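# Descriptive analysis of the structure
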Amino acid sequence: MSEINALFHSLVERLVGPLDQIGSFFDGRLAPGGGAPIALVDPASDTEWLRFNDVTPNHVLSALESCQAGQQVWAELSAQKRGIALHALSTLVAENAEPLAQLESLTSGKGITASRAQLQSVVEIFRYYAGWTDKFGGNVIPVPGGQLNYTLREPLGVVLAIMPWNSPVYLAAWNIAPALAMGNAVLLKPSELTPLTSLALAKLAIEAGFPPGVLNVINGLGQSVGDLAIANCITKKVVFVGSVQTGRRVNAAAAKRPIGCLLELGGKSANIVFEDADLTAAVKAAIVAGFANTGQNCAAGSRLLVHRSVYDRFVDAVAKAASEYRIGMPLDESTEGGPINNRAQFKRIGDMVQMALDEGATMAYGQEPPSGQNGFFVRPTVLRDVHNRMRIAQEEVFGPVVVAIPFDTEDEAIAIANDSEFGLAGAVWTRDIARGHRVAKKVRAGIFWINMYRDMHVATPFGGYDSSGYGRSSGIESLYEYTQTKSVWVPTQVGA
Ligand code: NAD
């Protein structure tokens, strides 16, 4: 067995359990599936890590029933006790952060430095919501008749959380922590391509004192879980993070019940650079915006809008910086971007770059993948001579591909930014403060940066406009997503 395989096996056994038991996790233990085998592939070598079995319909039902029972126990605990459990989970994640980061990197392809940073965020996410459990409640309403009228904010029940493969444990934590804090149970469905760190999280939750069933993980293909779990009356809400196509399907299935959804979908975000900007800082940020996590990032600044007077100079500088971006092995500390997570996505990126070249774009930087590698490695790619109606400017690549589009005026920059079905993120670079705020106000996006890109924090709301989805998954706003309001009336007048 190679050194890397031995490390992978030891991490799985330590954090999750015996390899032949891998599958789902409910009622506090692993529950191997009974369906067709699913291969888990190493993105850095295109070889198989292990196989696990898809779920069966009975599996999905058992996991939901377990969540339902767990939720009743969880909701009856005091808010303080739920906070203590979330805080304990945060501490356990901190204690296991390094092996969790290694397992995350090996299975997702993410560079270890990025995985470490995300595990620190996971610690912070659980700590942040631990603090909210006993600070979020209802109100007393001054109704005209003199009665006492007050509101209670109650949990919804069982939430189904369907997650993608690009930042598995970070996105899981980001989306399940507020739901758990408010007294819901969660059935977490990670991507079948990256299921392991979610299993590890559920196991740590048991160690942290969560009642069994409060956080269950169901591991299988989307079509084996999605419609079945959404149609089941135990499920009270769906939070979905993934592609627009699957998001539409999930939304339609939820509408049949009907139950609510929180959708975090794709993006094609505009990173707008004016001629008066600090161009050195803007180049550095354009690289992070476009290529962090090898571009497998929903908020990527994949459309670079540059004022025509500095277009050539700026695009040349971005191309040079892209050529210096270190694509490498996931566990190598100098790696800035690891391989693409899976073969289908790897192929799609190549096809989309070719499509752009066929449409008339030219390559400012980008080349064949590094030779001698069997994994899904892609060089950062910068495309110039792009106009916004080209497919490469309208469709999400979800890979390290940035298109550079020139503009002449502020109005034109805003019009191009908004000429997109998406509205997730965006940024503007300028030394003119008033212009920065004007542009921030006019661009349709759920998150916007002025003279920076990509900073996020669990305390601030995150979510999209238009086809990027709806609902807000963090900050105080997420607490409304995972509670429902009950209005209670009591007559209080004498003789009433
Ligand atoms: P995907 O839509 O293919 O899969 C996402 C999840 O949906 C997976 O768990 C998958 O198994 C599941 N799924 C597939 N078919 C299903 C069905 N019929 N019913 C229910 N679930 C089903 O997305 P992906 O390829 O895993 O992830 C990439 C996408 O995720 C990109 O578009 C990216 O922009 C988006 N994303 C968005 C955010 C955000 O916060 N806005 C964050 C990360 C990724």
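Further up the page is the structure itself.
I will try to describe carefully the structure that is included in this document. Keep in mind that what you see is a predicted model, and the values were worked out from it rather than measured.

### Description of the site of the ligand
Near the ligand, the surroundings consist of 27 residues, among which M163, E192, S243, L265 and E396 are the closest. The contact in question runs from a nitrogen atom of the ligand to an N or O atom on the side chain of R249, over 3.3 Å. Coverage of the ligand by the protein amounts to 89% of the 850 Å² it exposes when considered alone. Looking at the shell around the ligand, the elements with two or more residues in it are α8 (222-231), β10 (235-241) and α9 (244-256). At three residues, the largest contribution of residues to the shell around the ligand is made by α9.

### With respect to the pairing of strand β4 (residues 47-53)
Bridging between strand β3 (residues 37-42) and β4 involves six bridges; their strand directions are antiparallel. For L40, the partnering residue across the bridge sits in β4 and is L50. Where β3 folds back on β4, the antiparallel hairpin that results is connected by four residues, among which D46 adopts a positive phi of roughly 55°.

### Looking at the sheet that holds strand β16 (residues 401-407)
Pairing is mixed across the open sheet formed by seven strands, whose spatial order is β14-β15-β16-β13-β12-β18-β19. Pairing within the sheet leaves two strands with one partner each, and these edge strands are β14 (362-365) and β19 (447-450). Sheet twist, expressed as the average angle between the axes of neighbouring strands with direction ignored, equals 25°. Summarising the sheet, strand β12 (residues 270-273) and strand β18 (residues 425-429) pair through four bridges and their orientation is parallel. Across the sheet, V273 pairs through a bridge with W429, a residue of β18. The sheet contacts of helix α10 (residues 279-291) involve β12, β13 (303-307), β15 (381-384), β16 and β18, and relative to β12 the element is tilted by about 170°.

### A short note on the side chain of T483
Inspection of the secondary structure assignment puts T483 in strand β22 (residues 483-490). Given the relative accessible area of 6%, T483 is considered buried. For T483, the side chain forms a polar contact with the side chain of R153, separated by 3.0 Å. Here T483 is in contact with F136, R153, E154, L156 and M182, once residues within four sequence places are set aside.

Criteria and thresholds
- Residues numbered from 1 in each chain as written.
- Predicted model: local features only at pLDDT ≥ 70, side-chain atom pairs only at ≥ 80, totals over all residues.
- Heavy atoms only, no water.
- Near = heavy atom within 4 Å.
- Polar contact = N/O pair within 3.5 Å; in protein donor to acceptor, adjacent residues only side chain to side chain.
- Areas by Shrake-Rupley, 256 points an atom, 1.4 Å probe, with all protein chains shown as cover.
- Helix = DSSP H or I, 4+ residues; strand = E, 2+ residues; numbered from the N terminus.
- Pairing = 2+ DSSP bridges.
- Axes fitted to C-alpha atoms, helices over the stretch in contact; angles between N-to-C directions.
- Contact = heavy atoms within 4.5 Å.
- Buried < 20%, exposed > 50% of the residue type's maximum accessible area, 1.4 Å probe, protein only.

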